Amino acid sequence: MSSTYILTLSCPDRKGLVHAVSGFLLNHGGNIEEAAQYNDPDTGLFFMRVQFACRQLTFADLKAQLGFFATPHKMKLALHTTAQPVRTVLMVSKEGHCLNDLLFRWKTGLLPIDIRAIISNHKDFYQLAASYNVPFHHLPVQVDTKERVEARQYEIIQSEGAELVVLARYMQILSGDLCHKLAGRAINIHHSFLPSFKGAKPYYQAHDRGVKLIGATAHYVTANLDEGPIIEQDVTRVEHSKTVEDLTAMGRDTESQVLARAVKWHSEHRVLLNGHKTVIFK
């Protein structure tokens, strides 16, 4: 019986890379089902994602052979099996629209993730977590407890074997140390008013200024606040008749959809880091 895998890779660009990858898979019993590649002229890097079926080698053997293949090409690569959903931990504060949306999409099979736990600095959504049978960890954060709380958060993430952490409107700034530990596997969502309307009540500020577009940005978490590599963005057009409540509702819908797409692409291994940018094979 064959298994299905996803191979992602990046390396310095050169002629014959697609041929080399497809030839390797052919020689090891792989049958390509989906493939995409991109040559970045600015960085001189080559990126590729291949989904393939293979019955000849086990995951461990295939990964070992890929290691030998990658060395002469100076490749950074990763191999994943589609049979294993991405273990995920969600973090949230007091706005639950993104949390509720992700839980529903997960439970209905729309996201290839396995939500292992929810971490929150408030108790608001413990009943929602219980309704989905997901462990809920209430860890309130104070200035003098932040370091200890983050240590506990990371302990939970590690104990659950989480490959992905989603900040589903978690309104606490992560320390540089935690950002470093979660590099490339933590996704945040925020409204796209930044840096125009920082601080509290951004939709009130936007309404006061008469904005015509509201939106959302999903990005990887880095120590530079809200400046990590962007995964997905979207906007919604608004008009003068819209109230603050209308803008807030429309903004929350956009945030939920943008975050869901970012989580889906990441969990399908379609997002590759390219410095401070991303390459996304949709």
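Details of the structure are given in the entry above.
As for the layout of surface pockets
With a probe scaled to a water molecule rolled over the atoms, the places where space remains empty come into view. Each pocket or cavity is described by its volume, and for the second largest pocket that value is around 600 Å³. Taken together, 24 residues form the lining of the second largest pocket, with T8, A78, V271, L272 and L273 sitting closest to its centre. Contributing elements (two or more residues each) for the lining of the second largest pocket: β1 (3–12), β3 (45–54), β4 (76–81) and β12 (271–274). When residues of the lining of the second largest pocket are assigned to their parent elements, the largest contribution, 5 residues, is made by β1. Of the residues contributing to the lining of the second largest pocket, the split by class is 14 nonpolar, 6 polar and 4 charged.

Structural notes on the nonpolar core
Ranked by size, the top nonpolar core spans 33 residues in total, and within it L102, L103 and L259 carry the most contacts. Among the elements of the structure, β5 (86–92), α3 (97–107), β6 (113–120), α4 (126–131), β8 (164–167), β9 (186–191), β10 (213–220) and α8 (244–267) are those that each provide at least two residues to this core. In terms of residue count, α8 provides more of this core than any other element does, 6 residues in total. Look past the residues within four positions of L102 in its chain and what remains in contact with it is L90, L111, I115, V166, A168, L259, A260 and V263. Core analysis: the next-biggest nonpolar cluster, separate from the first, contains 20 residues, V89, M91, I119 and V165 among them.

Calculation criteria
One numbering rule holds for all chains: residues counted from 1, following each sequence as written. The predicted nature of this model means local features are confined to residues of pLDDT at least 70 and side-chain atom pairs, given and counted, to a pLDDT of 80 or more, with totals for whole chains, interfaces and linings taken over all residues. In computing side-chain values, all of the structure's heavy atoms are included and hydrogens and water are not. Computed over the protein atoms alone on a 1 Å grid, cavities are sets of points where a 1.4 Å probe fits but cannot get out and pockets are open sets with protein on both sides within 12 Å along at least five of seven lines; a residue lines them when it has an atom within 4 Å of a point. Grid points are joined across faces, edges and corners, and a volume is the space filled by probe spheres set on the points. Only DSSP runs of H or I reaching four residues or more are called helices, and only runs of E reaching two or more are called strands; each is numbered from the N terminus. Classification convention: Asp, Glu, Lys, Arg as charged; Ala, Val, Leu, Ile, Met, Phe, Trp, Tyr, Cys, Pro as nonpolar; all other residues, Gly among them, as polar. Put simply, a nonpolar core is a bunch of buried Ala, Val, Leu, Ile, Met, Phe, Trp, Tyr and Cys residues held in one set by side-chain atoms that sit within 4.5 Å of each other. Buried, partly exposed and exposed residues are distinguished by accessible area as a fraction of the type maximum, computed with a 1.4 Å probe on protein chains only: under 20%, between the cut-offs, and over 50%, respectively. Contacts: residue pairs with any heavy atoms within 4.5 Å of one another.

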